[in-house]
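# Examination of the molecular architecture
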Amino acid sequence: MARYILTRLLLMLPTLLGVAVLTFLLLRVVPGDVVTLKYSGEGAYVPRETIEAERERLGLNQPLWKQFVDWVWGVARLDFGTSMWTGRPIAQEIAIRFQLSLQLAIMATLIAVLLALPLGTLAALKQDTWVDYAIRVFSIAGLATPSFWLGIVLILFLLILFRWSPPVTFTPLFEDPLANLSLLIWPALAVGYRYSAVATRMTRSTLLEVLREDYIRTARAKGLRERAVVVRHGLRNALLPVVTVIGLEFAFLIGGLVVTEQVFNLNGLGKLMVEAISRRDYTLTQALTMLGAAVYVVVNFIIDIVYVLLDPRVSYS
Amino acid sequence: MFRSRGQRLVRGSWLSRLVTLTVMLTLACSGASQPAPSGGGGASAPRPTGAGGQPAAGAASAPAGAGGAPSAASPGGAAWGEGLQPKRGGELVFVVGAEPPSFDGHRESTFAMLHWTAPHYSLLVTFDPFDYPRVVGDVAESWEISPDGLTYTFKLRDNVKFHDGTPLTARDVKATYDKIIFPPPGVVSARRAVYSAVERVDAPDPHTVVFTLKYPQPAMLSLLASPFNFLYKADILEQDPHWYERNVLGSGPFRFVEYVPGSHWVGRRYEDYHIPGQPYLDGFRAIFVRDPAAQVAAIRGGRAQIEFRGFAPSQRDDLVRALGNEIVVQESPWTCSLYVAFNNERPPFNDVRFRKALTLAVDRWGGSQALSQIAIVKEVGGLQRPGSPFAVPPDQLVTFAGYGRDINAARQQARQLLREAGVPEGFTFTLKNRDVPMPYEPVGIFLVDQWRRIGLNVNHVQQESGPFLNDLRSGEYEASVDFNCDFMDEPDLQLAKFLSADKSPANYGRYNDPVLDDLYDRQSRELNVEARKQLVWQYERRVLDEQVYAMVVLWWQRIVPHHASVKGWKITPSHYVNQDLRTVWLAQ
Amino acid sequence: MRDAAAVAAIEKPIGARPTALGAIGVFARRRPLGALGAAIVLGLALAALLAPIIAPYDPLETDFLAQLQPPSAAHLLGADQFGRDVLSRLLYGARTALLVGFCSAFIGATLGALLGVCSAYFGGRVDLLLQRVLEIFLSFPLIVLALAVVAVLGTGIVNVILAITVSITPQVARVIRASALQVRAMPFIESARAVGAGPLRIMLLHMLPNVLAPYLILLTAFLGQAILLEASLSFLGLGVAEPTPAWGLMLRGAGVQFAERAPWLALAPGLAISITVFGFNVFGDALRDALDPRLRVV
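This brings us to the overall build of chain A. In terms of helices and strands, chain A carries 13 helices and 0 strands. From first element to last, N terminus to C terminus, chain A shows the α and β order α-α-α-α-α-α-α-α-α-α-α-α-α. Seen along its three principal axes, the alpha-carbon backbone of chain A occupies a region of about 85 × 60 × 35 Å. Across the 317 residues of chain A, 43% fall into the buried class. Pairs at least 24 apart in sequence give 73% of the contacts found in chain A among residues at least 6 apart.

This is the structure we're talking about:
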């Protein structure tokens, strides 16, 4: 068991390294230079020497392998460097936006789970009735509607009906819960709806399978109440794949909500990522990509371990 | 029953077409005839000449649009509270659509730096907030220009202090302008070339600054009023000329309080400001909102009061429709133009007949009517903003290729020129464009459509800023949309872009023309205003009509809807000017 | 109760031959949602194919006299800010959507299937390596990839397809690998190897056909995904460029700006996207139920 955990841990490293190399190379293939963009992005003319001097200072003229090694060595020491565009430490840039992105991800997940579990269970229990169809249509609609579209409609709805728009800046939850929640509840709903769609369908289909199993029939034959059968025996076993799906989607939420953040004007990691790439801010883009990849890989790792612990049928291979 | 419903539908569409046509005709007629009332938006009528004392060119106006858009509140001076007594107090909240690449005014040329930082700094001289382009003193109390135009002597106020309490003296002004005009190596000064006439800057005593010119340049006083010329502290510049890129310390009406990257920027009134009574506001809060729809939502929902750059017509209409009397709209022609750069080295763009055909094919007058409904462009003009002192007068402008009123005749001529140049029907080329929605995208779509009508097949390619600029600079393009925004209407600024490529690095057209260079130099030094105008017009004719090195499409229109409580801010043709907020007050 | 129709089918009179129409009828009755999905997909395909014939206007033709016209007899779904007919743009947009959706899903799914089968067949170190490579791409944010593709290659249909394909392939590979592992463990694969069949032959002739069910299901699932992705990318300005008619682009251009003044500009493409993706998803569901109910693919 311990060996399995260790192996999985070690396997994370080549993945992360691969992502690092891929990001590094991809960025340098793309045309556009952070210094030129910063100085003469709006068309003003700047002499060649000044641009070269700045590139030199940022270390952009060094050989690629050296730049890569310097960067990786810095990451290993938890020094993520400074942003090429603003000059501020990257850890600071990320910290400013991290709180919002994390809170949004958690809120969206909560909404998704609160919607998915009851709805999925209901749909499974009432399979092929109009209740089932209604729930299925509801959840597929969530998958089919572009979430940014939903966001736009939501904001317009608030403006037209209530003459009210969400706050435009972020206040931390414990400073001013009302302002904080009135900003984040709307994107959380828009994102959570879509998220719940995936989880609802998964809940429904796994529960359906589980309810066909022999041990369920045994439980019923034993005379247990339907609710105990469903919840204690059925849902618990069906939960595993659902948790997987929820976990994978959560990993995406950190830094993946680019369009949502734009529509709701949120100062989050997704927006930061878009700006970093448009500005060809190599160090910041690399750091953000690594962050996203790390979250994904860690979540996968946790899911694998949970699977092994909870499902006796899965082997350690 | 079926038939009558169908008939009703048909009549309905007929009706809307008629309405549209009528409104457009009305607009066309009213635009072309008598001059607008004083202080009106830049119409095509000739304006009284003279570089100074030019009446301000902005006005609040009701948004006009096909289909009956709702009208806004009070036109004219009531928009900015003309004649009213300013009230003290309150915090102004405004939105800005982009974040600052750095805080250094000398280095940047973008509103994305200026709107955040301008309230913290003073200038030597500045434009009168209510009478653009009249120059008034900010830190300078008075000035004298020698009769030969070579010496400018400024007397400074003695009560100006930086926010750390130290006095601002001539030494600081000299250090600032030395940085702008003679930057040390490694320091970027975006407007260095603008002041190439300056020989040196001296500070003979703590309250006197002297600019000595190599040759007389009548535009120099206005050029010194550039809103980007923030006055910095000499001590700091001596220690570290890059300090101001990431730090703020000025002598302006507001102190710097905080900046949360990606979120907001806060300033508070500076109590020791050198103009007594100002600023009226207790402070300001600038919020970064990138998405235009989100900007409108913020103002509409009462989260912000104003956005200083400008909104699209549809956004203005939404705000007016939603908030009625609570919203005031100020509109003004904008000192920004959209033009098409041709790569004069690439065939067939190296053939003047082909270039001329391209400019003839575009219906600017019709396009102006149509595009001004959906985009922030409006006026038809040459290289100078229509309505500005040196703009080519309308009767001459219509004789330029592509500016005539008869589009069919122009297109016929265009087809003829295409045949002569040996360009086949269905010829394909690429038009490069920025991926910014407003106004680049609609104008790009419009151009593609116009060129289709003379049988040309155009590929519209939109690129991010990085690759877009790269391609422009390196000549990796055939035709490209480009823009030109300056802080004021001044031929020295607007015409400089079209000088020979070896003289002007901002010229992407890849051509050299000594005749142009000579005309430019002569107009820049010409002290007689009428003679100067003739030279400017000759320059324009050569660029736009004779050689068609580039073509101007339309000039931008600045539309700023804001809460009626915001007073003391009058719109000007430049979105860089008048942003220190010292005259702004809130009526509650 | 659930299999009443199946029972009825078994109890049919022996002489009756199932007709094609009858089979469709049975399908529609058993899985109404699936039938609805199939109908939508078919409708979309027809619209895309027949667009040049049934579209009333040229989708690129501007008409500044008809700017922002509401739906009327002349323009059934109204006109956009350039006077272009919304209905025509919608029909031609179906072509773009299907092209992008189908190409990216097909190429992505096929490539993913091949990689998954390879990984499962060879096992051991090859499997480990391939899995790591797949994981790298799975954890790589799509936005970075899309931006990179667009920055290097520019906007356009081909580049959008490229970006979306790269996003789909590892996801498909993962699922197919799981199925392929099961197939690999079956005795007939061992027999084939014992007989001396080469790896290529085994993979192509024996393993691939047996993962056809999940392959088809994933194909339909990602078709809808791809269309949504195209909409998002176009919304960000990273997809196809104006004036190409594409639903995501229509949302970006006029949808937001004129949301109040001309809501039909946003409703039409928004509904088109939603209904299309809905149709593909629901059809894919029915397909899965019919082919392999045990497969958990969401």
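Moving on: the overall build of chain C. When helices and strands are counted, chain C shows 12 helices and 0 strands. The buried share of chain C, taken over its 298 residues, is 53%. Contacts spanning at least 24 positions in sequence make up 71% of the contacts within chain C whose residues lie at least 6 apart.

Attention shifts here to the pairing of strand β2 (residues 91–96) of chain B. For a regular strand, side chains alternate in direction, first toward one face of the sheet and then toward the other. All names here are of chain B. Summarising burial for β2: 5 of the 6 residues are buried, a large majority. In the sheet, β2 pairs with strand β11 (residues 283–288) via 6 bridges, with the strands oriented parallel. If you follow Glu 91 over to β11, its bridge partner there is Gly 283. When β2 meets strand β12 (residues 306–307), the two strands line up parallel, connected through 2 bridges. Following the sheet pairing, Val 95 is matched in β12 by Glu 307.

Further remarks concern unusual backbone geometry. Between B:Tyr132 and B:Pro133 the backbone carries a cis peptide bond, its omega angle lying at 0 degrees. The topology assignment puts B:Pro133 in the loop between β3 (125–127) and β4 (135–137). A cis amide bond links B:Pro347 to the next residue, B:Pro348, at an omega of -10 degrees. Tracing the backbone shows B:Pro348 in the loop between β13 (327–342) and α8 (352–360). Positive phi values are uncommon outside glycine, yet A:Asn265 reaches one of about 55 degrees. Among the secondary structure elements, A:Asn265 is positioned in the loop between α11 (258–264) and α12 (269–278). According to the C-beta neighbour criterion, A:Asn265 is buried, with 30 such atoms within 10 Å. Despite not being glycine, A:Arg280 shows a phi value in the positive range, around 55 degrees. Here A:Arg280 lies in the loop between α12 and α13 (282–310).

Residue and element names in this part refer to chain B. Taken in spatial order, the 5 strands of this open sheet run β9-β10-β11-β2-β12, and their pairing is mixed. The sheet is open, and its two borders are formed by β9 (254–260) and β12, each paired with just one other strand. One ladder, built from 5 bridges, connects strand β10 (residues 264–269) with β11; its direction is antiparallel. By the bridge assignment, Arg 268 is partnered in β11 with Gly 283.

Right, let's get into the nonpolar core. With 337 residues, the main nonpolar core has B:Val340 and B:Val553 as its most contacted residues. Residues within four places of B:Val553 in sequence aside, it is in contact with B:Leu338, B:Tyr339, B:Val340, B:Val362, B:Val443 and B:Leu447.

Our next topic: the interface of chain B and chain A. By a widely used convention, the size of an interface equals the accessible area lost when the partners come together. Counting residues at the interface gives 31 residues for chain B and 36 residues for chain A. Among the secondary structure elements, those contributing two or more residues to the side of chain B that touches chain A are α6 (292–300) and α13 (465–474) of chain B. For the side of chain B that touches chain A, the element with the highest residue contribution is α13(B), accounting for 5 residues. Per-class residue counts for the side of chain B that touches chain A are 15 nonpolar, 10 polar and 6 charged.

Another point: the interface of chain C and chain A. Counting residues at the interface gives 34 residues for chain C and 44 residues for chain A. Broken down by secondary-structure element, the contributors of at least two residues to the side of chain C that touches chain A are α5 (124–139), α6 (142–153), α10 (212–236), α11 (247–257) and α12 (264–291) of chain C. Broken down by element, the side of chain C that touches chain A gets its largest block of residues, 7 residues, from α12(C). In terms of residue class, the side of chain C that touches chain A is made up of 24 nonpolar, 6 polar and 4 charged.

Moving on: the environment of B:Leu281. Residues and elements named next belong to chain B. Secondary-structure assignment places Leu 281 in the loop between β10 and β11. Remark: the alpha-carbon pair of Leu 281 and Leu 249, spanning 32 residues in sequence, is separated by 19 Å. Residues in contact with Leu 281, not counting those within four places in the same chain, are Gly 90, Glu 91, Leu 92, Arg 269, Leu 581, Val 584, Trp 585 and Leu 586.

Below, the discussion takes up the confidence of the model for chain C. All names here are of chain C. For chain C, per-residue confidence averages 81 on the pLDDT scale, and residues scoring 70 or more make up 87% of the total. Confidence scores differ between elements of chain C, with helix α1 (residues 4–10) showing the lowest mean pLDDT of 57 and helix α4 (residues 86–122) the highest of 90. Of the two predicted TM-score estimates for the complex, the pTM is 0.81 and the ipTM is 0.81.

The next thing to look at is the sheet that holds strand β6 (residues 151–156) of chain B. All names here are of chain B. Taking strand neighbours across the sheet as the criterion, the 4 strands line up as β5-β6-β8-β7 in an open arrangement whose pairing is antiparallel. The open sheet is flanked by β5 (140–145) and β7 (198–205), the only strands paired with a single partner. Going from strand to strand, the sheet's axes swing by 20 degrees on average, the running direction of each strand aside. In the sheet, β5 pairs with β6 via 5 bridges, with the strands oriented antiparallel. For Glu 144, the partnering residue across the bridge sits in β6 and is Thr 153. Set on the sheet, helix α3 (residues 170–181) makes contact with β6, β7 and β8 (208–213); between it and β7 the angle comes to about 165 degrees.

Cut-off values and rules
Residues numbered from 1 in each chain as written. Chains lettered and ligands numbered in written order. Predicted model: local features only at pLDDT ≥ 70, side-chain atom pairs only at ≥ 80, totals over all residues. Helix = DSSP H or I, 4+ residues; strand = E, 2+ residues; numbered from the N terminus. Buried ≥ 20, exposed ≤ 12 C-beta atoms within 10 Å, placed from the backbone. Contact = placed C-beta atoms within 7 Å. Pairing = 2+ DSSP bridges. Core = buried A, V, L, I, M, F, W, Y, C linked by C-beta atoms within 7 Å. Nonpolar A, V, L, I, M, F, W, Y, C, P; charged D, E, K, R; others polar. pLDDT = per-residue confidence, 0-100. Axes fitted to C-alpha atoms, helices over the stretch in contact; angles between N-to-C directions.

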